[in-house]
2 protein chains.
Amino acid sequence: MSLAESTLRSADTSAPLLPALADRWSPRAFDPSIGIDDLTLRSALEAARWSPSAGNTQPWRFIVARRGSEAFNTIVERLAGFNTVWAASAAVLIVAAAEVVDEEGKELRWATYDLGQAVAHLTIQAHHDGLHAHQMGGFDAEALREAFDLGRYVPVSVTALGTLGDADALPEPLRTRESAPRTRRPLDEIAVVHA
Amino acid sequence: MSLAESTLRSADTSAPLLPALADRWSPRAFDPSIGIDDLTLRSALEAARWSPSAGNTQPWRFIVARRGSEAFNTIVERLAGFNTVWAASAAVLIVAAAEVVDEEGKELRWATYDLGQAVAHLTIQAHHDGLHAHQMGGFDAEALREAFDLGRYVPVSVTALGTLGDADALPEPLRTRESAPRTRRPLDEIAVVHA
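Quick caveat: nothing in here was measured; it's all calculated off a predicted structure.

Asks: Lay out the overall build of chain A with the relevant residues and their values.
Replies: Counting its regular elements, chain A contains nine helices and five strands. Along chain A, helices (α) and strands (β) appear in the sequence α-α-α-β-α-α-β-α-β-α-β-α-α-β when read from the amino end. Computed over its C-alpha atoms, the radius of gyration of chain A comes to 17 Å, within 12% of the 16 Å expected for a compact globule of 195 residues. By principal-axis analysis of the C-alpha atoms, chain A measures approximately 55 × 55 × 30 Å. Counting every position in chain A, which comprises 195 residues, the buried fraction comes to 52%. A separation threshold of at least 6 residues defines the contact pool for chain A, and within that pool the share at least 24 residues apart is 76%. Split by element, the accessible area of chain A, about 8100 Å² in all, is 50% carbon and sulfur.

Next up, the structure:
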């Protein structure tokens, strides 16, 4: 990636952001030859572990699969559409599952909200450590739940983690998308400040 | 807070974490005399704005109320139990609402998950900037939705933001809780790694 492209990828923000937040983005081009060392992977998982949750319920579970493992292939096969094409190059795939009901069958209202936070902490730590992350919603959740015997835990996202790869190796239309600028709604559309 | 207490509050982690993640915790003691400057508050909101979401739907809305504003009091009055006691000392309260259905009434499946991520980004930026954050689930969501005319957006959390205050000023049992060590399940209970 050139410097110009790198700049394009940084958030167009009206106030300073922590680099791990400003420069974070979700690529599809991962380097299929590079793995993640144990300590860096553990840092990402510890970040998720120490995330806050409603009443400290910690309503999350993570299936972490390194490229080359049987579990990795099991996950790739259950992804949808284009995800199967690019995600197979990631170093690690992580199924994040939410405990939507507790042992007594009572709904845990903040389970998916809390899981989102835990994955956010995980991805921010990973970006801080030089990795990139791309979360996916396109997969067969029920098939993943069965494959990994997740019981009451429902898969909500699959995160690809790895080292940024060569965008030119992606097929179209993924290749074009890879260099599109990051966009968001204006701040005043999403937040109202009462002073 | 003494150095010993500060150490107690840092995550007991098996791998290095970004300080904004390791040292982040959710206090109830906020300094009622200190506010948040505009730029720091804007950084926190920009962090939420640049958070990822399914298909870049950005299914979130934030009602941000500074202490002393009418909106702040409106929020405090709709909190539950002990939250009304301590949260009134926060510099800012933020109602985070999820767009659970789109304009055509179609369910947005990842709305609360994505909202959790956006609030995580917000709180991490805030901690990085020397603030503390405490998210609450205890409040009357329907009353908040009506009070702020949120329509299809459903309040999922209220976050107190501010500067750490004097724990001794808290009533019991909040005072005792404030110095309790942070705890989490062991990593191998929440994550399975397939190598």
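Asks: Lay out the pattern of salt bridges in plain terms, naming residues and giving numbers.
Replies: In the structure shown here, the tally under the stated rule is 12 salt bridges over all chains. With its nearest N and O atoms 2.9 Å apart, the salt bridge here joins Glu46(A) to Arg49(A). Of the two residues, Glu46(A) and Arg49(A) are both situated in helix α3 (residues 38–49); the distance of three residues between them amounts to about one turn of the helix. Since its relative accessible area comes to 1%, Glu46(A) is described here as buried. Where Arg152(B) meets Glu99(B), a salt bridge forms, and the shortest distance between an N and an O atom there is 2.8 Å. Separated by 53 residues along the polypeptide, Arg152(B) in the loop between α7 (141–147) and β4 (153–162) and Glu99(B) in strand β2 (residues 92–99) bring together distant segments of the chain. Classification of Glu99(B) by relative accessible area gives buried; the value is 7%.

Asks: Any details on the pairing of strand β3 (residues 132–136) of chain A? Residues and values, ideally.
Replies: All names here are of chain A. With five of five residues buried, β3 is to be regarded as a mostly interior element. Burial along β3 is two-sided: His-132, His-134 and Met-136 and Ala-133 and Gln-135, pointing in opposite directions, are all buried. In this structure, β3 lies alongside strand β4 (residues 153–162), joined through five bridges in antiparallel fashion. Looking at β4, one finds that Gln-135 is bridged to Thr-159.

Asks: Before we move on, could you go through the sheet that holds strand β2 (residues 92–99) of chain A and cite the residues and values that matter?
Replies: Here five strands make up an open sheet; going across it, the order is β3(A)-β4(A)-β2(A)-β1(A)-β5(B) and the pairing mixed. Edge positions in the sheet fall to β3 of chain A together with β5 (191–194) of chain B, since each of these pairs with one other strand and no more. Across the sheet, the axes of successive neighbouring strands diverge by a mean angle of 20°, strand direction being ignored. Seen against the sheet, α3(A) touches β1 (60–66), β2 and β4 of chain A together with β5 of chain B and runs at an angle of roughly 165° to β1(A).

Asks: Tell me about the packing of α3(A) against helix α6 (residues 111–128) of chain A, and please be specific about residues and values.
Replies: Residue and element names in this part refer to chain A. Between α3 and α6, the shortest axis-to-axis distance is 7 Å and the interhelical angle comes to 150°. By the angle between their directions, the pair α3 and α6 is classed as roughly antiparallel. The handedness of the crossing between α3 and α6 is right-handed. Across the interface between the two elements, Ser-43, Ala-44, Leu-45, Ala-47 and Ala-48 of α3 pack against Ala-118, His-121, Leu-122 and Gln-125 of α6.

Asks: Which residues make up helix α6 (residues 111–128) of chain B, and what are the values?
Replies: Between its first and last C-alpha atoms α6(B) spans 26 Å; for 18 residues at 1.5 Å apiece the expected length is 26 Å, and the two agree. Where α6(B) terminates, the next one or two residues include Gly130(B), which has phi positive at roughly 90°.

Asks: Requested: an account of the nonpolar core, with residues and values cited.
Replies: Counting 29 residues, the largest nonpolar core has Leu45(B), Phe62(B), Val64(B), Val92(B), Ile94(B), Leu115(B) and Leu161(B) as the members making the most contacts within it. Residues within four places of Val92(B) in sequence aside, it is in contact with Ile36(B), Leu41(B), Val64(B), Ala65(B), Arg66(B), Phe72(B), Thr159(B), Ala160(B) and Leu161(B).

Asks: Now, about unusual backbone geometry: what can you tell me, with residues and values included?
Replies: Leaving glycine out, the prevailing phi sign among residues is negative, and the prevailing peptide bond configuration is trans. In this structure, Pro173(A) follows Glu172(A) across a cis peptide bond, with omega equal to 5°. Tracing the backbone shows Pro173(A) in the loop between β4 and α8 (174–178). With phi around 50°, Gln58(A) is a residue other than glycine that occupies positive phi space. With respect to the element layout, Gln58(A) can be found in the loop between α3 and β1. Its identity as a non-glycine residue notwithstanding, Asp149(B) has a phi of 55°, on the positive side.

Asks: Please give an account of the interface of chain B and chain A that cites residues and values.
Replies: With 64 residues of chain B in contact, the opposing surface of chain A contributes 64 residues. Where chain B abuts chain A, roughly 6200 Å² becomes buried across the two surfaces, and 58% of that area is made up of carbon and sulfur atoms. By the criterion of area lost to chain A, the three top residues of chain B are Trp50(B), Tyr113(B) and Arg184(B), representing 14% of everything that side buries. Summed over the shared surface of chain B and chain A, the result is zero salt bridges. Seen at the junction of chain B and chain A, the total is 51 residue pairs in polar contact (both at pLDDT 80 or more). Contributing elements (two or more residues each) for the side of chain B that touches chain A: α3 (38–49), β1 (60–66), α6, β4, α9 (187–190) and β5 of chain B. The greatest single-element share of the side of chain B that touches chain A, amounting to 11 residues, is contributed by α6(B).

Cut-off values and rules
- Residues numbered from 1 in each chain as written.
- Chains lettered and ligands numbered in written order.
- Predicted model: local features only at pLDDT ≥ 70, side-chain atom pairs only at ≥ 80, totals over all residues.
- Heavy atoms only, no water.
- Helix = DSSP H or I, 4+ residues; strand = E, 2+ residues; numbered from the N terminus.
- Rg over C-alpha atoms; globule rule 2.2 N^0.38 Å.
- Buried < 20%, exposed > 50% of the residue type's maximum accessible area, 1.4 Å probe, protein only.
- Contact = heavy atoms within 4.5 Å.
- Areas by Shrake-Rupley, 256 points an atom, 1.4 Å probe, with all protein chains shown as cover.
- Salt bridge = Lys/Arg side-chain N within 4 Å of Asp/Glu carboxyl O.
- Pairing = 2+ DSSP bridges.
- Axes fitted to C-alpha atoms, helices over the stretch in contact; angles between N-to-C directions.
- Parallel < 35°, antiparallel > 145°, perpendicular 65-115°, else oblique.
- Left-handed = near helix turned anticlockwise from the far one by under 90°.
- Expected span 1.5 Å × (residues − 1).
- Core = buried A, V, L, I, M, F, W, Y, C linked by side-chain atoms within 4.5 Å.
- Buried area = accessible area lost by both parts, 1.4 Å probe.
- Polar contact = N/O pair within 3.5 Å; in protein donor to acceptor, adjacent residues only side chain to side chain.

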